[in-house]
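One-letter residues, chain by chain:
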Amino acid sequence: MQKIKSLMTRQGPRSPQENAGDLSPVENFRIPSKEELREMREQPIDPQAEQEIINSIEEVYFSSDSFDIVQHELEKLPPVLNLQELEEYRDNLKRQQAAVSKKVADLILEKQPSYVKELERVTSLQTNLQLAAVICTNARRHLSFAKEGFTQASLGLLANQRRRQLLTGLLKSLRTIKTLQRTDVRLSEMLEEEDYPGAIQLCLECQKAASTFKHYSCISELNSKLQDTLEQIEEQLDVALSKTCKHFDVTHYTKVQQAYTLLGKTQTAMDQLHMHFTQAIHNTVFQVVLGYVELCAGNADTKFQKMQYKDLCTHITPDSYIPCLTDLCKALWEVMLSYHRTMEWHEEHDKEEAVPVADGNNTASAEESVFDRSYVKKKLEHGLSRIWQDVQLKVKAYLLGTDMSNFKYDDFILVLDIISRLMQVGEEFCGSKSEVLQESIKRQSVNYFKNYHRTRLEELRMFLENEVWEVCPVKSNFNIIQLHEFKFLGQSRSPSVSPSKQASTPCATELSLFEQYHNGGNPFEMQIDNKDDETEDVLASNGYESDELEKGVCQDYDSDSDVPEELKRDYVDEQTGDIPVKSMSRDTLKSRKKSDYSLNKVNVPILTNTTLNVIRLVGKYMQMMNILKPIAFDVIHCMSQLFDYYLYAVYTFFGRNDMEAATESAGSHGTSEERKEKVPSPHLSQLVVLTASETLYGLAERVVATESLVFLAEQFEFLQSHLDTMMPAAKKPFLQQFYSQTISTASELRKPIYWIVAAKAIDYEQMLLLMAGVKWDIKEIMSQHNVYVDVLLKEFEQFNKRLGEVSRLVRIPLPVSNVLWEHCIRLANRTLVEGYANVKKCSNEGRALMQLDFQQFLMKLEKLTDIRPIPDKEFVETYIKAYYLTENDMEQFIKNHREYSMKQLTNLVSVCLGSHINKKARQKLLAAIDDIDRPKR
């Protein structure tokens, strides 16, 4: 109805022909009956009224064909029915129906010509179809006749030929399927032969062939089997890839990479490779440490295999620590070498494949290959630091797992040696500074060195307390570089290389470790070598270069009967050059004075066993510092303590008088805590006697002690430049202060030590007593000197003789003999002035006698010694001449010469009283002396 309404609404004043053409025969409308048509004709024709009637029809009547009109109208009835209203409503509905029916009839009439035309076309089509049926029937009849007469036999042959071809193809397919079924055997053989590329190629070809025959039911199972086989190959390929992490083989790795390339999993292979390297590092170190732990534990029930690696490292015993560390580094070296060779393989492989592709069809695959190579290169480069970091962490856990503070020095140096070599490997491997290893070994080194230094100081105290201060016989050309501990100073190499070993071949220093051991060997194998094969040739047989030479020289001097007695008692200066004794002629030796106390001995260094021990300790400290620069300051500070302690011991043993020693001994007692923190003061061995006058109060021992200290200071000066390069810039002022305030004062220690000998070697008290018995207020000028001068000279001759005897025991260097003579002469001159200051009365003739005595002393003394000028000569002469000064000159003399004591100046004024100074002047001069002394009080 909706369609009818829209159709009636759209109709315009068209012709009946056009209206008839629009009427479709498929419209299923009810044709009005004759009565209805008659009623419609009887209705007045008013198109507008008719249209209004149609428009008054409810929309629901046009909604759907399944609309129930009766039900609708019944539902609209009111509860109370009115007949008249119902009849009116019924009439209205009839009018609406009549309008619709009339409209439909008009439309049908308009479409009548089109309907007739279409009916004619249908009738024509029916006729043509009947003709076609007749033609088909005739064709079938003729075909049946041809089949029976000719075609059936020929077509049968063709069908048989086609069937034969199909069967032949089927047979070929079946043979292929049979071959596919047997490929698993060949694949297994190829996998055993590690021909992974061939196995994958075969498997992929089988899969391709299987896809061709997938229409066979048996192929689905085979295809699944091939897929399982391919997965199995990938698993074995992954295992093969993991093997390259420990032992890289070019052929093996090439096959593995070709196989992954066939699978199209180059990037996946690289990801897996890095996982395998990480796992290889963990498994390697765990197995190495586990092996040593179980070996040392014996039959212990502890389940070490379930322990974490860090906990396992704490069970390593000190005896197995170094072998285990060596094997650990060897194993890690193999892993890093494999990684290094893997990178080399890819670099060479990339160069071979980096060829421009001319074929445009391969551009996509070439771009993919370039991308894969770029990915692999970046992955390998990033993996360097990652692999090295894993290595550092594993070695760090091992280093910190054991307390090495009680290790032997050589063992600890060997540990540093190994770690230093490992850090060199890391630097060549990825350019790393190995901060993790440096921090770990620094912690252990500081801990070890603190304990080691404390023990060495205790040992040094023990050495000093048992030292008898005899010369250690070394050769004349002795140099600390000859000692094993200082070998590293003469080796030109990188500080990171082991100080105990260096490759003997020159080319070894030019090649990196990875180049040296590319084809075999291990840089850590050298660590197990025995160091004892390096011998030292520094000790002489008996302290002399030649006994025969010594004997010959002494005999020559004993046979000098033609030399005057005075010259026999005299000595010449020591020659400090490097000319050995054996190069001197006998005439040259005879022409020398005998004041050279070292003439009968080669100019060898004077040092003791303790000195040599300290030097060796310094060498060991420097070895440790050379490897571990971060603790250089701590090591140098401890080295300074070694020297300070040695210097302190020499001074306390030989440089203090009895009063000072007693005072310090009384004040040395402190709390137990203080004594625990500090190294106790050493005590001189009871075997050393310093009170015998025959030995010049232990002069030989004093010379050995003092000169060994000077020699030690010289070695420190020799090492200064090396220490300066190792010392951090911020700590260099400490080193400069140590050298300027401590090392430089070593030679100054000669003065207090030899002063004690000089003070006791000459009997100055006897000289004072003899001088006190001389009468100085004489009236005549004397031509003969006093007896005390001869006594004093005899004392010096005796001193000279004893000095010669001591020189037969130990070489007395020229600076030592000069200091001794200087002290003795200075003390003698001071004693003379003191004796002159004790004079109560003195005349001008007495002063002349004093000058005569002093000149006689000087004349004889100059024959005994070569020291020029004579020490304190002017001190005596000035004092004697001061007697002749006037009052004003005397006052100026007192102010200018404060080197004289109050007693000496006072006596000078008192003796002059009455001769040319009156009492008033005397009081004035004494007041001037008192003014000088007042600031001292």
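Small disclaimer: the values here were computed from a predicted structure and weren't measured.

S.K.: Can you lay out a negative patch on the surface for me, pointing to particular residues and giving the numbers?
M.R.: Among the surface-exposed residues, E347, E348, E352 and E381 lie close enough to one another that they form a single negatively charged patch. A per-element tally of the negative patch places helix α14 (residues 318-353) first, with three residues.

S.K.: Which residues make up the pattern of salt bridges, and what are the values?
M.R.: This model, assessed by the stated rule, comprises 21 salt bridges. Put simply, D106 and K102 hold a salt bridge, and the shortest N to O gap is 3.5 Å. Highlighted residues: D106 and K102, both in helix α6 (residues 83-110), separated by four residues, approximately one helical turn. Given the relative accessible area of 30%, D106 is considered partly exposed. Via salt bridges that share partners, R454, E458, R461 and E465 belong to a single interconnected network.

S.K.: Describe the packing of aromatic side chains, and please don't skip the residues or the numbers.
M.R.: Any two aromatic rings considered together are summarised by their centre-to-centre distance and by the angle between their planes. Summed over the entire model, instances satisfying the criterion amount to 34 aromatic pairs. Between W333 and Y517 the ring centres are 6.1 Å apart and the planes differ by 85°, which places this aromatic pair in the edge-to-face class. One end of the pair, W333, is in helix α14; the other, Y517, is in the loop between α18 (513-516) and α19 (547-558), with 184 residues separating them in the sequence. Judged on exposure class, the residue W333 and its partner Y517 are both buried. Grouping aromatic residues by their ring pairs yields a cluster made of F277, W333, Y339, F429, F514 and Y517. For R830, the ring lying beneath its charged end belongs to F875, and the centroid distance is 4.1 Å.

S.K.: Which residues make up the packing of helix α22 (residues 609-627) against helix α26 (residues 699-726), and what are the values?
M.R.: Direction vectors running N to C along α22 and α26 enclose 5°, while the axes themselves pass 11 Å from each other. By the criterion of interaxial angle, the relationship of α22 to α26 is roughly parallel. Note on element contacts: α26 touches α22 through S708, F711, L712, Q715, F716, L719, H722, L723 and M726, opposite T611, V614, I615, V618, M622, M625 and N626. Of the residues that constitute the contact of α22 with α26, the class distribution is 11 nonpolar, five polar and no charged.

S.K.: Pulling in residues and values, what's your account of the nonpolar core?
M.R.: Side chains of a nonpolar character, in soluble globular proteins, are inclined to be buried together. By size, the foremost hydrophobic cluster in this structure holds 210 residues, and its most contacted members are F796 and F857. It is α14 that provides the largest number of residues to this core, a total of 15 residues. Aside from chain neighbours lying at most four places away, what touches F796 is I762, W821, C824, I825, A828, F857, L861 and L864. Grouped together as the second largest cluster of nonpolar side chains are five residues, I57, Y61, V100 and V104 included.

S.K.: Mind laying out unusual backbone geometry, listing which residues take part and the relevant values?
M.R.: Look at the link from R868 to P869: it is a cis peptide, with omega at -5°. For P869, the location among the structural elements is in the loop between α32 (844-864) and α33 (873-881). Even without being a glycine, Y697 presents a positive backbone phi close to 60°. With respect to the helices, strands and loops of the structure, Y697 is situated in the loop between α25 (672-677) and α26. Phi angles above zero are rare outside glycine, and D872 is one such case at about 60°. Tracing the backbone through its elements, the reader meets D872 in the loop between α32 and α33.

S.K.: Go over the packing of helix α30 (residues 787-809) against helix α31 (residues 814-837) with me, naming the residues and quoting the values.
M.R.: Packing of α30 against α31 brings their axes to within 12 Å, and their N-to-C directions diverge by 165°. Judged on the interaxial angle alone, α31 and α30 are roughly antiparallel. For the pair α30 and α31, the crossing hand works out as right-handed. Contacts from Y788, L792, F796, F799, N800 and L803 of α30 reach α31 at L820, W821, C824, I825, A828, L832 and Y836. Across the contact of α30 with α31, the residue classes break down as 12 nonpolar, one polar and no charged.

S.K.: If you had to explain the environment of Y398 to someone new, which residues and values would you point to?
M.R.: Structurally, Y398 can be placed in helix α15 (residues 363-400). Separated by 42 residues in sequence, Y398 and S440 place their C-alpha atoms 9.8 Å apart. Discounting chain neighbours no more than four positions away, the residues touching Y398 are V289, Y309, C313, I316, S320, Y321, C324, L325 and L328. Looking at Y398, its side chain comes within polar contact range of the main-chain nitrogen of L325, at 3.4 Å.

S.K.: Could you give an account of the environment of D763, with specific residues and numbers?
M.R.: Along the chain, D763 falls in the loop between α28 (750-761) and α29 (764-772). D763 sits in the partly exposed class, given a relative accessible area of 36%. In the structure, D763 is positioned 33 residues away from F796 in sequence and 9.7 Å away in space, judged by C-alpha atoms. Within polar-contact distance, the side chain of D763 engages the backbone nitrogen of E765 at 3.5 Å.

S.K.: Help me get a handle on α31, residues and values and all.
M.R.: Between its terminal C-alpha atoms α31 stretches 34 Å, which fits the 34 Å expected from 24 residues at 1.5 Å a residue. Within α31, 18 of the 24 residues are buried, leaving the element largely enclosed by the surrounding structure.

S.K.: Could you give an account of the environment of K881, naming the residues involved and the relevant values?
M.R.: Tracing the chain through its elements places K881 in helix α33. Using a relative accessible area of 48% as the deciding quantity, one classes K881 as partly exposed. Taking C-alpha positions, K881 is 8.7 Å from Q851, a pair spaced 30 residues apart along the chain.

S.K.: Could you give me a rundown of the side chain of R341, with the residues and numbers involved?
M.R.: Residue position: R341 is located in helix α14. For the buried R341, which has no salt bridge, the nearest side chain bearing the opposite charge is E344, at an N-O separation of 5.2 Å. Excluding residues that lie within four positions of it along the chain, R341 makes contacts with F248, V250 and H518.

Conventions we followed
Residues numbered from 1 in each chain as written. Predicted model: local features only at pLDDT ≥ 70, side-chain atom pairs only at ≥ 80, totals over all residues. Heavy atoms only, no water. Patch = residues over 30% accessible without salt bridge, like charges linked within 9 Å, V, L, I, M, F, W, Y side chains within 5 Å. Areas by Shrake-Rupley, 256 points an atom, 1.4 Å probe, with all protein chains shown as cover. Salt bridge = Lys/Arg side-chain N within 4 Å of Asp/Glu carboxyl O. Lys, Arg positive; Asp, Glu negative; His and termini not counted. Charge placed at Lys NZ, Arg CZ, Asp CG, Glu CD. Helix = DSSP H or I, 4+ residues; strand = E, 2+ residues; numbered from the N terminus. Buried < 20%, exposed > 50% of the residue type's maximum accessible area, 1.4 Å probe, protein only. Phe/Tyr/Trp six-rings, centres within 6.5 Å; stacked < 30°, edge-to-face > 60°. Lys NZ or Arg CZ within 6 Å of the ring centre and 35° of its normal. Axes fitted to C-alpha atoms, helices over the stretch in contact; angles between N-to-C directions. Parallel < 35°, antiparallel > 145°, perpendicular 65-115°, else oblique. Contact = heavy atoms within 4.5 Å. Nonpolar A, V, L, I, M, F, W, Y, C, P; charged D, E, K, R; others polar. Core = buried A, V, L, I, M, F, W, Y, C linked by side-chain atoms within 4.5 Å. Left-handed = near helix turned anticlockwise from the far one by under 90°. Polar contact = N/O pair within 3.5 Å; in protein donor to acceptor, adjacent residues only side chain to side chain. Expected span 1.5 Å × (residues − 1).

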